[in-house]
Amino acid sequence: EKGLVNDIDFTIRAISNIYPKNSLSFYEEDVYVNLKKSFFKNIPNENECKCILGMCDPLRREDFNELVKINNCEKVTFGSKYYCEYRNANYNNLDYMIFSENNKSIASVNGLNFKLRVKDKIYDLKTKLIMPFIANDIICAIAILDTLNVLDMSKFLKFIENYKIVGRDEVIKKAGRTFVIGVSLMPHLEVFDSFKRNNEINKIKLILGTSGDNYKTWDKSLTMPKRLKTLPDTKRRAALYASKYCDYIYLTSNDPASNRPFDLIKELSTYMRSRDMYEVVVNRKDAIKKAVFDSKVGDLIYISGRGNRKVFCNSFDNAELFTDKEVLEKVFEELGW
């Protein structure tokens, strides 16, 4: 939007997806989509740049074809067989493709497991990352490395097997429980629900907070009228979504900034489907601790909202430094796990 990358001579321009509703608090859908597309327009040296494009949710076949024709650069494509079939697109035209035997789910609570066609070769890929959408990012990375002629597939397969992204759907197994530290609710809770339906986990329990506004160093865009106007609906949708898929929820703080934490939590609680499925624990560290102590073997406990963020803004001008993972590890130590 600010044009900061306009004069950069990229060797590769890549995109994994375009999700129109990704930033509704700041942009209308068409504005957001056009901003994404603009990265592939007015390229200074089209003959020296290659564009890597993903046929991924929620793109339609028509949208993807429009991207392919958006400039004169050489195109490299990737995607999944399943999604191409869903969109009535020809997956045989993809340079890099994800697929599974008999269209089985590639995701489980123990990680992703899928097949990968790299041009004319087939590989089995296993990783402990659990979110199915991360497979698109993996194949996009492979496409980039291969296009740069630096891909060593045997090394990549070994590397990705134990790779983790700190604070991004990071899985920790302890005492028969599964703890996941992440940021977003959607579509994560639906993925967890699929694990539950497959009898991989028992109950889904959630640490859920809502942030305040007006911390002294926060960007002013966070208090834009459009964002503030959409916040109540965003909170309502998040709470309804959480209460649909979770067995129990711990409502707590998440960067309250200038707001009273209890007021933020009370607002969130009004959107819950049932009073029996949640409890309020204002202090975030206490909420994490209680969730661990209350957990049973087989449960999945999702600590959402902060990921690996360390700065916790608890007033207009004061902050505390801790990560959710640090809190979790201290609780494990206390329990002797």
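For the structure, check the block above.
Source: prediction; values computed, not measured.

What counts as what
Every chain is numbered on its own, with residues counted from 1 as its sequence reads. Note on the predicted model: pLDDT of at least 70 is required for a residue's local features to be given, and 80 or more for side-chain atom pairs to be given and counted; whole-chain, interface and lining totals, by contrast, use all residues. Calculated side-chain values reflect all of the structure's heavy atoms, with hydrogen atoms and water omitted. The axes used here are C-alpha line fits, helices contributing only the stretch in contact, and every angle between their N-to-C directions lies in the interval 0 to 180 degrees. Only DSSP runs of H or I covering at least 4 residues are called helices, and only runs of E covering at least 2 are called strands; the numbering of each starts at the N terminus. When an angle is under 35 degrees it counts as roughly parallel; over 145 it counts as roughly antiparallel; between 65 and 115 it counts as roughly perpendicular; any other value is oblique. A crossing counts as left-handed when the near helix is turned anticlockwise from the far one by less than a right angle, and as right-handed when that turn is clockwise. Between two residues, a contact is recorded if the distance between any of their heavy atoms is within 4.5 Å. Each residue is assigned to one of three groups, with Ala, Val, Leu, Ile, Met, Phe, Trp, Tyr, Cys and Pro labelled nonpolar, Asp, Glu, Lys and Arg labelled charged, and all others, Gly among them, labelled polar. Only buried Ala, Val, Leu, Ile, Met, Phe, Trp, Tyr and Cys residues count toward a nonpolar core, and they belong to the same one when joined by side-chain atoms within 4.5 Å. For every residue, the accessible area obtained with a 1.4 Å probe (protein chains only) is divided by the maximum for its type, and the residue is called buried under 20%, exposed over 50%, and partly exposed between those limits. The pocket and cavity definitions rest on a 1 Å grid over protein atoms only: a 1.4 Å probe that fits but cannot leave marks a cavity, an open set with protein on both sides within 12 Å along at least five of seven lines marks a pocket, and residues lining either have an atom within 4 Å of a point. Grid points are joined across faces, edges and corners, and a volume is the space filled by probe spheres set on the points. The pairing criterion for strands is at least two bridges between them, as found by DSSP. Salt bridge, as used here: a side-chain nitrogen of Lys or Arg that lies within 4 Å of a carboxyl oxygen of Asp or Glu.

Visitor: Would you mind showing me how to read the packing of helix H9 (residues 284–294) against helix H10 (residues 324–335) here?
Guide: Packed helices, taken two at a time, are described by the angle between their axes plus the distance between the axes. Across the interface, H9 lies against H10 with an axial gap of 10 Å and an inter-helix angle of 45 degrees. As far as their axial angle goes, H10 and H9 are oblique. The hand of the H9/H10 crossing is right-handed. Taking contact as the criterion, the partners of Arg-284, Lys-285, Ile-288, Lys-289, Val-292 and Phe-293 in H9 are, on H10, Asp-324, Val-327, Leu-328, Val-331, Phe-332, Glu-334 and Leu-335. Residue classes in the contact of H9 with H10 are distributed as 8 nonpolar, no polar and 5 charged.

Visitor: Which parts of the structure should I look at to understand the nonpolar core?
Guide: Most often, soluble globular proteins have nonpolar side chains that are buried together. Ranked by size, the top nonpolar core spans 54 residues in total, and within it Ile-142, Leu-185, Leu-189, Phe-192, Leu-206, Leu-208 and Ile-249 carry the most contacts. By size, the runner-up hydrophobic cluster in this structure holds 19 residues, among which are Met-55, Leu-67, Cys-84 and Met-97.

Visitor: How should the environment of Thr-11 be read in this particular structure?
Guide: Take Thr-11: it is sitting in the segment before strand S1 (12–15). Taking the C-alpha atoms as reference points, Thr-11 and Thr-147, 136 residues apart in sequence, are found 9.8 Å from one another. Ignoring sequence-local partners within four residues, the contact set of Thr-11 consists of Glu-48, Cys-49, Lys-50 and Leu-148.

Visitor: Hey, could you run me through the layout of surface pockets in this one?
Guide: Gaps left between atoms are located by rolling a probe of water-molecule size over the structure's atoms. Approximately 450 Å³ is the volume found for the second largest pocket. In terms of lining, the second largest pocket is formed by 15 residues, of which the most central are Glu-1, Val-5, Leu-35, Ser-38 and Phe-39. Take the lining of the second largest pocket: its biggest share by element is 4 residues, from helix H1 (residues 29–38).

Visitor: Would you mind showing me how to read the sheet that holds strand S12 (residues 278–280) here?
Guide: Each strand in a sheet pairs with another by means of backbone hydrogen bonds, the pair being arranged parallel or else antiparallel. Strand order in the open sheet made by the 6 strands is S8-S9-S13-S10-S11-S12, with mixed pairing throughout. Every other strand in the sheet has two partners, leaving strand S8 (170–174) and S12 as the edge strands with one partner each. Going across the sheet, the axis of each strand differs from the next one's by a mean of 20 degrees, ignoring polarity. The pairing of S8 with strand S9 (residues 177–181) spans 5 bridges and is classified as antiparallel. By the bridge assignment, Lys-174 is partnered in S9 with Arg-177. The strands touched by H9 within the sheet are S9, strand S10 (204–210), strand S11 (248–253), S12 and strand S13 (300–303), with S11 carrying the most contacts at an inclination of about 160 degrees.

Visitor: Explain the pattern of salt bridges to me, please; I cannot follow it from the model alone.
Guide: When the charged atoms of two side chains with opposite charge come close together, those side chains can pair. Inspection of the entire model under this criterion finds 24 salt bridges. A salt bridge links Lys-235 to Glu-267; the nearest nitrogen and oxygen atoms lie 3.1 Å apart. With Lys-235 in helix H7 (residues 225–245) and Glu-267 in helix H8 (residues 261–269), this residue pair connects regions lying 32 residues apart in the sequence. On the basis of relative accessible area, Glu-267 is assigned to the partly exposed category, the value being 25%. The network of salt bridges with shared partners includes Glu-101, Lys-115 and Asp-124.

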